[in-house]
Each structure stands twice: as C-alpha cells, then as structure tokens.
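# Fold and geometry: a report
Okay, here's what each chain looks like letter by letter:
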Amino acid sequence: MIDQVRALLEPVEPPPYLRGQVSSVIAGAAGPVRSARARWRVATVGAVATTGVLALLVGSVVSIGGNPPAASAQAAEILHRAADAARADQAPAPRADQFILTETKTFFPVVGQNDAGTSISRSWMSVDGAHDGLIWTSDPAVGGRQSTVIPGCRGGRAAEWGPDGTLLNSTRPCTPTPAYLSDLPTDAAAMLTYLQRMSEGAEASSEQTFANVGVLIRRGYLPAQSRAALYEAATKIPGVVASPAVTDAAGRSGIGVSLAGKIDRYDLIFDPQTYQFLGWQVVPGDANAVQQTRREVVLDVAIVDRAGQTP
C-alpha cells in the first residue's frame, strides 16, 4: 500500500527559502577538485544535508494532483541532491586536445554459467572528437587484453581500420563525436525532451526515457549544468521510485532510483554521501533470473593529456 501511495506522489519545487537552506549546506561542504601538472581529476562534489533540513525538504516536495504522477518523492529527493552536487562542481572545462578517461567494470550473463562474466574497460575519448582515442578492454576469464585505436575525425575524414584493428592509410567520411558533451540542454524541461527524442523517432515510453538517462551518462562527459538538468529531468519521468539501500557490482554501498518495465528493472546508483553516479544495472523481473542481471560500475573518470595516460 505504501508503494502504491508513493506512486501517486508528485514532486514540486520547494519554496525558494528552503532550496536556499539546502544549497547553503551543500556549498559549505563542497571541496575543491584535485589537480596535477599533467591532468586534473574530474570530481562530482556534494554533501549530505543535516537531518533537519532533509526532513523539511522531503515534506515540502510532495503534493498530490490530477496530473500523471512523476517520480516518487524519495526518488526526486535523491535526484535533486545529485543535481545540486553536480552544480557545485567547479572543475574547469577540458581543453579540446585532451581526453576523457573512463574506467568501468561490466558484469554480464554467460550462457550455461551461474556466475556472471566480467570485463574491465578503460577508454580515452577525444574531448573534441578530432584526436585519436583509445579503448582498452580486459576479459579476466580469458586473461586477454585488447586495445583499439579510435580514429579522430579531422576535415570530415577519419582513418579506416584494417582486419587486425590497426589504422590504414585510407580514410572514410566522418562526423566528429566529442566526448565532452557541451551542447546539451541545461534546464530540466529541455533535457526531458532531449531524452524522449533519443528513441529514434518512436514515441518514447517512460521506461525508454529513463534508460536513456543511463545511455547519455555513458555516451560522454557532461558539463555540470547539463548533469544537473539530466538528474532533474529524471524526476519528471512517471514511475521512477527510490531504492534507499543498494550495493553496486563493485561492492560499494549506494542509493538508487529505479523504474520497473514489463521485462526488466533499470537502476541508476549514486554514492549516498557525495551523490556521484556509481553505475547502473538491469535486473530481470523474474526473481529466479538474478544471475542474468547486467551491471556496470564506474571506477574512475579523469581528464588526461594523451590517450593511454593514467592518473
């Protein structure tokens, strides 16, 4: 019954004075981004507000109306905090000649096995899409490692791959795909429309729109204001609920927001203190198919000066 009631709760913007109180708490606890001579670390800073402010905020973002319900109050609270933490990120924009380094670990089902397969990936993607990037993938079960160069797009042409994955002298037409997504919307309404239009012309369901949140996070690095807009857009998706206590595939404690579809449940997981994005998972609706869960965790994100460089 509680879950059914939560589904009817529609979050609204709390009074300005209350948002100011929460913002002050978060801003007061936000720390500086770490830096080094050759690179700077991308950090999503945030803080946990005091219990009293949390209680006020939860009580102020809930209303019941005749419109279709959006995310539950608890889920909206998590997403608003993730948005506030994103806005507090004062890291400078990367240079066009730098690279976004992302390290992830993926867990995937394997036919005939109860244990999931795992793969660790590091990708160095060009900030402006014009420089050659690199993807390094390791499959622990096989013990192998594969490196693939991602050719940059310069002057409308990019190098072609040979059969062994090396770059050839021949080229093909291309369009740059920057890893730093600087042209995304910066307000929630426009971002929601963007997520809905990602579904290739078909009318996007709530399930697909919510899944597109994770797709966009994995596509590249979002500036602070666009990240905030992304999380706040998710509060407007009907059916999104909170998972107050979850453990990601790397064993880290987190809090999640979820949407259950007809077949799977899609979870986005955040750090419970910093509200940094930790990863995602797709859980089959059949309770007997837990081993078929697909998961990915983000281990590190950084800006580096060259492909192959590590922090």
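The structure under discussion appears in the preceding block.
Calculation criteria
Residues numbered from 1 in each chain as written. Predicted model: local features only at pLDDT ≥ 70, side-chain atom pairs only at ≥ 80, totals over all residues. Heavy atoms only, no water. Helix = DSSP H or I, 4+ residues; strand = E, 2+ residues; numbered from the N terminus. Axes fitted to C-alpha atoms, helices over the stretch in contact; angles between N-to-C directions. Parallel < 35°, antiparallel > 145°, perpendicular 65-115°, else oblique. Contact = heavy atoms within 4.5 Å. Nonpolar A, V, L, I, M, F, W, Y, C, P; charged D, E, K, R; others polar. 1 Å grid on protein atoms, 1.4 Å probe; cavity = no way out; pocket = protein on both sides within 12 Å on 5 of 7 lines; lining within 4 Å. Points joined across faces, edges and corners; volume = space filled by probe spheres on them. Core = buried A, V, L, I, M, F, W, Y, C linked by side-chain atoms within 4.5 Å. Buried < 20%, exposed > 50% of the residue type's maximum accessible area, 1.4 Å probe, protein only. Phe/Tyr/Trp six-rings, centres within 6.5 Å; stacked < 30°, edge-to-face > 60°. Lys NZ or Arg CZ within 6 Å of the ring centre and 35° of its normal. Salt bridge = Lys/Arg side-chain N within 4 Å of Asp/Glu carboxyl O. Arc of directions from axis to C-beta. Polar contact = N/O pair within 3.5 Å; in protein donor to acceptor, adjacent residues only side chain to side chain. Expected span 1.5 Å × (residues − 1). Left-handed = near helix turned anticlockwise from the far one by under 90°.

## Let's talk about the environment of A189
Here A189 lies in helix α5 (residues 188-197). Along the backbone, A189 and A234 are 45 residues apart, and their C-alpha atoms lie at a distance of 10.0 Å.

## Some details on the packing of helix α4 (residues 73-87) against helix α7 (residues 224-234)
Running from N to C, α4 and α7 point in directions that differ by 175 degrees, and their axes come no closer than 8 Å. Judged by the inter-axis angle, α4 sits roughly antiparallel to α7. Mapping the contact onto sequence places L79, H80, A82, A83, A86 and R87 in α4 and A224, Q225, R227, A228, Y231, E232 and A234 in α7. Taken together, the residues of the contact of α4 with α7 break down into 8 nonpolar, 2 polar and 3 charged.

## Section: the layout of surface pockets
Quantified by volume, the largest pocket comes out at close to 910 Å³. Among the secondary structure elements, those contributing two or more residues to the lining of the largest pocket are β4 (99-108), β5 (117-126), β6 (133-139), β8 (157-161), α6 (206-219), α7 and β14 (294-304). At 5 residues, β5 tops the list of elements feeding residues into the lining of the largest pocket. Considered class by class, the residues forming the lining of the largest pocket number 22 nonpolar, 14 polar and 6 charged.

## Observations regarding the nonpolar core
V257, L268 and F270 are the most contacted members of the largest nonpolar core, which totals 47 residues. Among the elements that take part in this core, α4 stands out by supplying 7 residues, more than any other. Not counting residues within four places of it along the chain, the set of residues in contact with V257 comprises A75, I78, L79, F210, V240, V241, A242, Y266, D267, L268 and F270. Counting 6 residues, the second largest nonpolar core, distinct from the first, contains L101, W124, L134 and W136.

## Description of the packing of aromatic side chains
Scanning the entire structure with this criterion turns up 5 aromatic pairs. The interplanar angle of 5 degrees and the centroid separation of 5.9 Å between the aromatic rings of Y266 and W280 together place this pair among those described as stacked. One end of the pair, Y266, is in strand β12 (residues 264-270); the other, W280, is in strand β13 (residues 277-284), with 14 residues separating them in the sequence. Residue classification places Y266 among the buried positions, given a relative accessible area of 12%. One aromatic cluster in this structure is built from F210, Y266 and W280. In this structure, R122 packs its charged tip against the face of W136, placed 5.9 Å from the ring centre.

## Remarks on the pattern of salt bridges
A side chain with one charge can pair with a side chain of the opposite charge if their charged atoms come near. One pass over the full model with this rule turns up 11 salt bridges. Between R87 and E232 there is a salt bridge, and its shortest N-O distance comes to 2.8 Å. Of this pair, R87 sits in helix α4 while E232 sits in helix α7, and the two are 145 residues apart along the sequence. With relative accessibility at 30%, the residue R87 sits in the partly exposed group. Salt-bridge contacts for R265 lead to D267; the nearest nitrogen and oxygen are separated by 2.7 Å. Looking at D267, the relative accessible area reads 3%, which means it is buried. Among the charged side chains, a salt-bridge network with shared partners connects D84, R87 and E232.

## What about α5?
An α-helical turn contains 3.6 residues, so a residue and the one three or four places further along point in the same direction. By the burial criterion, the buried members of α5 are A188, M191, L192 and L195. The buried residues of α5 occupy an angular sector of 105 degrees when the element is viewed end-on, so they sit on one face. Check the buried side of α5 and you find it contacts α6 and α7. Measuring from the side-chain oxygen of the N-cap residue of α5 to the backbone nitrogen of A189 gives 3.3 Å; that N-cap residue is D187.

## Here we look at α4
With 15 residues, α4 should cover 21 Å at 1.5 Å per step; its first-to-last C-alpha distance of 21 Å lies within 8% of that length. A large share of α4 lies buried, amounting to 13 of its 15 residues.

## Overview of the packing of α6 against α7
Where α6 contacts α7, the two axes come as close as 10 Å, and the packing angle between them is 165 degrees. What the angle tells us is that α6 and α7 run roughly antiparallel. For the element pair α6 and α7, the recorded crossing hand is left-handed. Within the contact between the two elements, α6 uses V213, L216 and I217 and α7 uses L230, Y231 and A234. Among the residues forming the contact of α6 with α7, the class breakdown is 6 nonpolar, no polar and no charged.

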